[in-house]
Structure formats: C-alpha cells, structure tokens
Amino acid sequence: LMTRGHASPAVADSNVYLSEAILDICRGLAVFFLILFLCMHVLNSRCVYGNVLCEEPSMNTFKLCAQPPNTILVLLVLGLSFATRFYKLAEPPHICWDETHFGKMGSYYINRTFFFDVHPPLGKILIGLAGYMTGYDGTFPFVKPGDKYGHHNYWGMRGFCAALGSSLPVFAYFIVLELSHSNSAALIAAALLIFDTGSITISQYILLDPILMFFIMGAVLSMVKFNQQKPFCASWWLWLLLTGVNLSGAIGVKFVGLFVILLVGLNTAGDLWALLGDLQLSLVDVAKHLLARVTGLILLPLLLYVTVFAVHFAVLNKSGPGDGFFSSAFQSRLIGNNLHNASMPKYLAYGSTITVKNLRIAGGYLHSHWHLYPEGVGAKQQQVTAYLHKDYNNLTTRNLHSHLQEAPMTRKHFQVTGYGINGSGDSNDLWRLEVCGGRRGDPVKVLRSKVRLLHVATGCVLYSSGKTLPKGWEQVEVTCSPYLKETPNSQWNIEDHINPKLPNISLSVLKPHFLEILLESHIVMIRGNSGLKPKDSEINSRPWHWPINYQGLRFSGVNETEYRVYLLGNPVTWWLNLACLGLYAVMVAVASIHCWVLMRGGGQLVLGWLLHYAPFYTMGRILYYHHYFPAMLFSSMLTGLTLDTLLHSADLFLSPPRADWLLRLGQVALLFSVLYSFYIFHPLSYGMRGPLAHEPGSAMAGLKWMDSWEF
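What counts, and at which threshold
- Residues numbered from 1 in each chain as written.
- Predicted model: local features only at pLDDT ≥ 70, side-chain atom pairs only at ≥ 80, totals over all residues.
- Heavy atoms only, no water.
- UniProt positions renumbered as here; feature names shortened; annotations may be inferred.
- Helix = DSSP H or I, 4+ residues; strand = E, 2+ residues; numbered from the N terminus.
- Buried < 20%, exposed > 50% of the residue type's maximum accessible area, 1.4 Å probe, protein only.
- Contact = heavy atoms within 4.5 Å.
- Expected span 1.5 Å × (residues − 1).
- Disulfide = S-S within 2.5 Å.
- Axes fitted to C-alpha atoms, helices over the stretch in contact; angles between N-to-C directions.
- Parallel < 35°, antiparallel > 145°, perpendicular 65-115°, else oblique.
- Left-handed = near helix turned anticlockwise from the far one by under 90°.
- Nonpolar A, V, L, I, M, F, W, Y, C, P; charged D, E, K, R; others polar.
- Core = buried A, V, L, I, M, F, W, Y, C linked by side-chain atoms within 4.5 Å.
- Salt bridge = Lys/Arg side-chain N within 4 Å of Asp/Glu carboxyl O.
- Phe/Tyr/Trp six-rings, centres within 6.5 Å; stacked < 30°, edge-to-face > 60°.
- Lys NZ or Arg CZ within 6 Å of the ring centre and 35° of its normal.
- Patch = residues over 30% accessible without salt bridge, like charges linked within 9 Å, V, L, I, M, F, W, Y side chains within 5 Å.
- Areas by Shrake-Rupley, 256 points an atom, 1.4 Å probe, with all protein chains shown as cover.
- pLDDT = per-residue confidence, 0-100.
- Polar contact = N/O pair within 3.5 Å; in protein donor to acceptor, adjacent residues only side chain to side chain.
- Pairing = 2+ DSSP bridges.

- Looking up the protein in an unreviewed UniProt entry gives the name Protein O-mannosyl-transferase 2, with the organism given as Gadus morhua.
- What UniProt records for the protein under Sequence similarities (unreviewed entry) is the sentence "Belongs to the glycosyltransferase 39 family."
- Note on the protein: under the UniProt heading Subcellular location (unreviewed entry), the record states "Endoplasmic reticulum membrane".

Set out below in structure tokens:
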C-alpha cells in the first residue's frame, strides 16, 4: 500500500511517518471492505440484479421489465463519486494547467472586468459565482501554471467543479437504468466512471469540462425520463423543461454543447415521426406535441441562452483586456475605456485627425512610427503597421502610400508605407474611401461605419494580414491586397475623431443595442475558435488517439522534484469501452431486432458517442485529449449496457444454475478489475513525487504500458 498508494518523499519525523502509514492501512482496508461489500451485494441480490423478460405480443419481441432504482446502490454510487472527487481536492496548492485561464476569468467576473474568451460565458460565470460565494475576493492574478495560491481561497471554485463532476456517475446510473431497466447495467456504467482516473482528474480543477459534462448528462437523463412519461402530465412537462434547461446550459458553457442538442433533436424528430404515424392521434394532438416540444426544446433554451449573455454584459461593465477584440462601438459601453461617455464629431470631414481600427479580431489600429522598412524589404520608406494598443503614433501626419513593391510577409500583396507629409507627395498617396453597405457619397460615421480604403493607382485595398512582423516591436503587417472581397481584414472603422470646426456629440447616442453586441460577441467567438491553430512547436492531439488512451495531458509538474498530476483515463476502463463498441456491433448484428435494450437503449448511446466524437475529425482548430471526455461518458454507459446484456444471455447456452453463477462471476470479475486498475493508477489523479515511471525506484514502475504516456 505504501509503495503503490502514492510516491511521497521520505519523512524525517517518525510521528508523521507513522500517521502516513496508518492512513495507508485505513485506505487499504476501506478498499478491501468495499470490494467485499460489492461482491456480497452482487451474489445475494438476485431480485435486484435479475432481469425479467416481458412479452409484447403486438411486436412479437421481448424487452426488459423496468426495475426501480435500488436505494442502497444509489447511495453507494453517490458516496463513492463524491469521495473520489473530493479526496485531496486542495492539492496541489498551485495553478494546474488551464486553471490559469478559467480561474482568472472567474476573477474577472468578481471584479466586473471585461475580457474575451472563445467559449460562451455560462461556465465562467458559475466559476466566478462559486468563488465569490465561498469567500474568494478575485485578487489572485492566475499568471501561469505552478504559481502558488498562498492565502487565496481557491478550494471553493475547485469544489464547485468537483461537485458537478461527482454527479456524472449518478447521472450515468439513472440513464442506463432507464434505457436497460437493469440495476446491474446501471451499476457497471457508474462504476466505470467512478473509478476512472481521467474523469476524477478533470473534475478536480477549475475547468469548464465538468460543468459542460454536467449539463450534457443532465440533458440526456431528462430526455430519457421524458420519453417514459405519460404525455402532458405534470412529470412529462417537468422532464421536457429540464431537458431544455440543460441544453441551454451545455451550449452556454461551450459550443460543443451543440452535439447534445443534435442528439436530443434527432430523438425528438423520431418521436414526432412515430406520433405522426399513430392513427389513434388526430392532427390536433400531433400539433400539441409539436408545439410543446418547440416551447420546451427551442424557445426556452434560446431564452435562457440569451439571458446568460445579458447577465454577462451587465456584470462585465468595466474596461479590461478584452476591449481590443471588439469594435469601437462595443468598447464605448465599458467604464474606463477612453470612448466611454466621450464626445467627438459624429461625421468625418476633411482636416480631421483620426485613429483607424481594423475589424478583424485583435486587428489593431493603423499605426506608423519613424522607423523605416529594412534593406531588402520593398522601398526604404516609413513603416505602416497595425498596433494593438492606443498610442500617439496611431495619429500621424505622413501620407498613406502604396506602390507595386512586394509586402514584407504576405505574397502577392503590395507594400504600404508612410510617404510625403502634410499633403505633399505623389499619385500613390491617393485612396478612395468606401462605406461598406452604403452608397457613393455617404458620410462616414465615427464608431459605426465600416469603411474600406481603395488605392487609386493599383486598385488594391488596405489590409491587415494578422502576421506579426519579425522586427516590428510586436506589430502586425499592413498591406495593400489585390483581392477585393470584403473581409474583416480589409474593413476599418473610425475610432478617435478630432476636428475643432465640427460640433461634438456624446458617444452614448452611438452605443450598440443588446442584439448588436450579442451578434458581435458570437462573431468574435466563432472567429476566435477558428483561429486556434496549432503552433509550430505545439503537439496537436489527434482524434484517433483518444479512444485508445494513447497520450494524456500534464496537469502539474514535469520532473521528479515536482508534484505531478497526469490526465489519463483508467486503461482498463478505456480499453474495455473500446472493445465494447465492437462487441455491441456484433451483438446487434446477431440479435437483430429481437433485443429491445440493444436496439433502442444502446442505439441512443452509440449515437451520443458518435455525435460527441466524429465531428472532431472535421475540425481545423487545435485539439486536446480532454475533448474526448463527453464522448467517453456515452461509451462507458454503452459498455455497462452491452456487458450486462451479454452476461444475462448466458441462460441461452447454459442451464439456469450454471448461467446464474457465470453471471455473478462475470459481474464480480468486472468490478474487481475496474477497482484494482484504479488502485494501481490512482496516483495519476491524486499526485506523484519521486522518480518517473521509467526510472528505478518509481512508485509507478511497470505501469507505463504505452511509450506515449508521459508520467
């Protein structure tokens, strides 16, 4: 127990060593009695685990009779789920992996500071709320992984995520029970998740994943419960509305919540198709069903989703690091931004001094400075760039100039320079201002008008490529593009406007309304997601890696002196899940339509797995191992249903006493293998110190079953 349980360093104090030894013995006894209890419960509870076949004469098929939830099993699943997720929750007491992002965003909500993220805001709102409710004051900077939390209260945010993660095995139990009508199938599915090291690790830190998976599983449970209710009774409406609430929660945390919306949508379409074919229902009845589902599964989630953004905008009302990702009009809403409650002339005029902002994400301000382009880069004239910060050099008196010299970095684009001064120059300084979506001669309105600058001599358009110049003080290349298609890279707006000859107006009259900022936020998030490309030195996880547990993620620590946490699924569980996907296909092919549980219940779980896994093969953005965990939930539930069906099929080949003993032996062997694999791999979740797995004296020696594992 001492060597396998954890790899703590030698402790000089004998009293501390003795207390550690006693704790290890207690843990070992607890595991032993847990295994003994489960085995006894399996062997002595025929009435709980036994499946009764009920004939449906109309279909000439068989299905399993419903079994009520077993109270002892529910409490056991609940207790073990919370125990495994809350054990060592406060360790390590430093930032782990993406806590540096989502913990910081929780702080922004507490401080009401505006920021930008590629995901919708619900998950971060809940993290911030959890921190606020548990006494966190929002002052920890969350700079980088490994930074110590010190006196700051971080356990509340971790505890919130752990609590939601603890609900997943409980949800799995009830979902599989509804789909299979078998307590044993439900217990297997729950056990696979309870003792999965990956599911434990991803639930113990300040991350969006446990929040997302909570809403996904909540939506699936609500859907399957809804399907079992009598139409239009109180419980039918309750589960319908809960399905809608959870759908809005899933997509309100991450856009991949769309996958569970598709799952519920396909299930709903199938139900409506069946209702339409029911000759006992009138068209009015079918219309009532349709209207109820539109209300509960479309209108309610949409209302809640929009409400989340309304809360997001209301709370984050102070200028912050996210300002530059949004338009000038959007920024004018934020307290502390230089555009908030500012005054300036409404329309652009000749002689005005202005700043010009590009409309791509973090496109920056049109900028120039006294430095010239280096030798070999076009004409040796003054540089024109895009700069992400407000700066005096965003105002300039040089003429904006372009010519047929090649741009510094973007092929087939032309160089843009600063040339001449105060109107003196040449014909290459002439540009035509075009209002996007407007007509020739339309005035240019500050903040709101989108404009393009077309070069008269060459016909190209002023363009921000987004590429950082190699010696440009972190500034971005500006070119003149011969490709005239309207894109955010070639669109600009006027932000600052100074002209003493014109009357000023308050910019408050130009503030965008709620629907405008809602639409802009989604455009920015979608562009931000599409821009998440792997860097040259960054390893991009592949979707085919995930089901085989090919490679995990370092959450904390690298070398033997550091506290190491490694995100990796329990190999026995994950490889069993993979095998059961193939086994399910074989069993369906053999059983055909005669197994209601496999066809109906298993089919929904396979569809859920496919919808949460297959789309990643089409994504161009950078991918990570943790993206597979929602699909893994469906795979684990399918494993429970498939293996339980297989074990209960033993009576087709063996006499009842032998079939019964084979069933019990198989259940005990399965639970024991999951428990034992958790026992030997649990240091991955709860922390390791000392030598790495491939080094002599490591507590994880012999457990690096794949060379790609990095613990």
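Text resumes after the structure shown.
### Things to note about the overall build of the protein
1) Next: Helix and strand content of the protein: 20 helices and 16 strands.
2) Next: The buried share among the 711 residues of the protein stands at 53%.

### What to know about the environment of Pro92
1) Next: Inspection of the secondary structure puts Pro92 in the loop between α4 (71-86) and α5 (99-111).
2) Next: Overall, Pro92 belongs to the buried group, its relative accessible area being 0%.
3) Next: For the pair formed by Pro92 and Gly557, sequence separation is 465 residues and the distance between their alpha carbons is 9.9 Å.
4) Next: The contact partners of Pro92, leaving out residues within four places of it in the chain, are Arg158, Tyr205, Ser556, Tyr563 and Val565.

### Some details on helix α10 (residues 209-226)
1) Next: Here α10 spans 25 Å end to end across 18 residues, near enough to the 26 Å set by a 1.5 Å rise per residue.
2) Next: With respect to burial, α10 is a largely interior element, 16 of its 18 residues being buried.

### Concerning the state of the cysteines
1) Next: The final tally for this structure, using the stated rule, is 1 disulfide.
2) Next: The residue that forms a disulfide with Cys460 is Cys480, at a sulfur-sulfur distance of 1.9 Å. What sets the handedness of the Cys460 and Cys480 disulfide is the S-S torsion sign, and at about 100° it is right-handed. Of this pair, Cys460 sits in the loop between β10 (451-455) and β11 (461-468) while Cys480 sits in strand β12 (residues 476-481), and the two are 20 residues apart along the sequence. Accessibility assignment for this pair places Cys460 and Cys480 in one class, buried.

### Considerations on the packing of helix α7 (residues 155-180) against α10
1) Next: Axis separation between α7 and α10 bottoms out at 9 Å; the angle between their running directions is 25°. On the basis of the axis angle, α7 is roughly parallel to α10. When the axes of α7 and α10 are compared, the crossing they make is left-handed. The residues of α10 that touch α7, namely those facing Phe160, Cys161, Leu164, Gly165, Ser167, Leu168, Phe171, Ala172, Phe174, Ile175, Glu178 and Leu179, are Pro210, Ile211, Met213, Phe214, Met217, Gly218, Val220, Leu221, Val224 and Lys225.
2) Next: Residues that form the contact of α7 with α10 fall into these classes: 17 nonpolar, 3 polar and 2 charged.

### Remarks on the packing of α5 against helix α6 (residues 122-133)
1) Next: Running from N to C, α5 and α6 point in directions that differ by 70°, and their axes come no closer than 8 Å. Relative to α6, the element α5 lies roughly perpendicular. Listed contacts from α6 to Phe102, Met105, Gly106, Tyr109 and Ile110 of α5 are Lys124, Ile125, Ile127, Gly128, Gly131 and Tyr132.
2) Next: Each residue belonging to the contact of α5 with α6 can be placed in one class, and the counts come to 7 nonpolar, 3 polar and 1 charged.

### Comments concerning the nonpolar core
1) Next: With 143 residues, the main nonpolar core has Met637 and Phe711 as its most contacted residues.
2) Next: Beyond its immediate chain neighbours, meaning those up to four positions away, Met637 contacts Ala172, Ile175, Val176, Ala189, Met217 and Leu605.
3) Next: Judged by nonpolar contacts, the second largest core, of 27 residues, contains Met344, Val435, Leu453 and Leu510.

### Examining the side chain of Asp209
1) Next: Among the secondary structure elements, Asp209 is positioned in helix α10.
2) Next: Excluding residues that lie within four positions of it along the chain, Asp209 makes contacts with Ile202, Lys254 and His626.

### Section: the pattern of salt bridges
1) Next: Tallied over the full model, the rule gives 11 salt bridges.
2) Next: Glu178 is paired through a salt bridge with Lys225; the nearest N and O atoms lie 3.1 Å apart. Placement of Glu178 in helix α7 and of Lys225 in helix α10 is noted, with a sequence separation of 47 residues between them.
3) Next: The residue Asp209 makes a salt bridge to Lys254 at a minimum N-O spacing of 3.7 Å. Placement of Asp209 in helix α10 and of Lys254 in the loop between α11 (234-253) and α12 (258-276) is noted, with a sequence separation of 45 residues between them. Side by side, Asp209 and Lys254 carry an identical accessibility label, which is buried.

### Examining the packing of aromatic side chains
1) Next: Under the definition given, this model contains 51 aromatic pairs.
2) Next: Considering the side-chain rings of Tyr613 and Tyr617, the 5.4 Å spacing of their centres and the 75° angle between planes classify their relative orientation as edge-to-face.
3) Next: Residue classification places Tyr613 among the buried positions, given a relative accessible area of 7%.
4) Next: These aromatic residues form a ring-pair network of at least three members: Phe259, Trp546, Trp574, Trp609, Tyr613, Phe616, Tyr617, Tyr625, Tyr628 and Phe629.
5) Next: Lying over the aromatic face of Phe330, Arg333 brings its terminal NZ or CZ to 5.0 Å of the ring centre.

### Points about a nonpolar patch on the surface
1) Next: A cluster of nonpolar side chains, namely Leu75, Leu78, Phe82 and Phe86, defines an oily patch on the protein surface of about 340 Å² accessible area.
2) Next: Residue placement: Leu75 occurs in helix α4.

### Focus on the confidence of the model for the protein
1) Next: Scored by pLDDT, the protein comes out at a mean of 88, with 89% of its residues at no less than 70.
2) Next: Predicted confidence is poor over residues 1-23, with pLDDT under 50, and the contacts of this stretch with residues over four places away or in other chains come to 27 contacts.
3) Next: Of the regions scoring below 50 in pLDDT, residues 32-64 engages in 65 contacts with residues more than four places distant in sequence or in other chains.

### Quick notes on unusual backbone geometry
1) Next: Residue Pro92 is reached from Glu91 by a cis peptide bond, and omega for that bond is -10°.
2) Next: Here the phi dihedral of Trp97 falls at roughly 45°; this positive angle occurs in a residue that is not glycine.
3) Next: Here Trp97 lies in the loop between α4 and α5.
4) Next: Even without glycine at this site, Lys412 takes up a positive phi of about 70°.

### Side note on the environment of Lys511
1) Next: On the secondary structure map, Lys511 appears in the loop between β14 (504-506) and α15 (514-530).
2) Next: Taking the C-alpha atoms as reference points, Lys511 and Ser332, 179 residues apart in sequence, are found 6.5 Å from one another.

### Here we look at the side chain of Ser81
1) Next: Counting through the fold element by element, Ser81 comes out in helix α4.
2) Next: One polar contact links the side chain of Ser81 to the main-chain carbonyl oxygen of Val77, over a distance of 2.7 Å.
3) Next: Beyond its immediate stretch of four places on either side in the chain, Ser81 contacts Ser166, Pro169, Val170 and Ile194.

### What to know about α7
1) Next: The end-to-end C-alpha separation of α7 is 38 Å, in line with the 38 Å expected for 26 residues at 1.5 Å each.
2) Next: Within α7, 22 of the 26 residues are buried, leaving the element largely enclosed by the surrounding structure.
3) Next: One or two steps after α7, the chain reaches His181, where phi turns positive at roughly 55°.

### Some remarks on the pairing of β12
Consecutive side chains of a regular strand alternate in pointing toward one face of the sheet and then the other.
1) Next: The element β12 is largely enclosed, with a buried count of 6 among its 6 residues.
2) Next: The side-chain alternation of β12 yields two buried faces, one formed by Val476, Val478 and Cys480 and the other by Glu477, Thr479 and Ser481.
3) Next: Direction of pairing for strand β6 (residues 382-387) relative to β12: antiparallel, over a ladder of 2 bridges. If you follow Ala386 over to β12, its bridge partner there is Val476.
4) Next: Where strand β8 (residues 414-421) and β12 come together, 2 bridges link them in antiparallel fashion.

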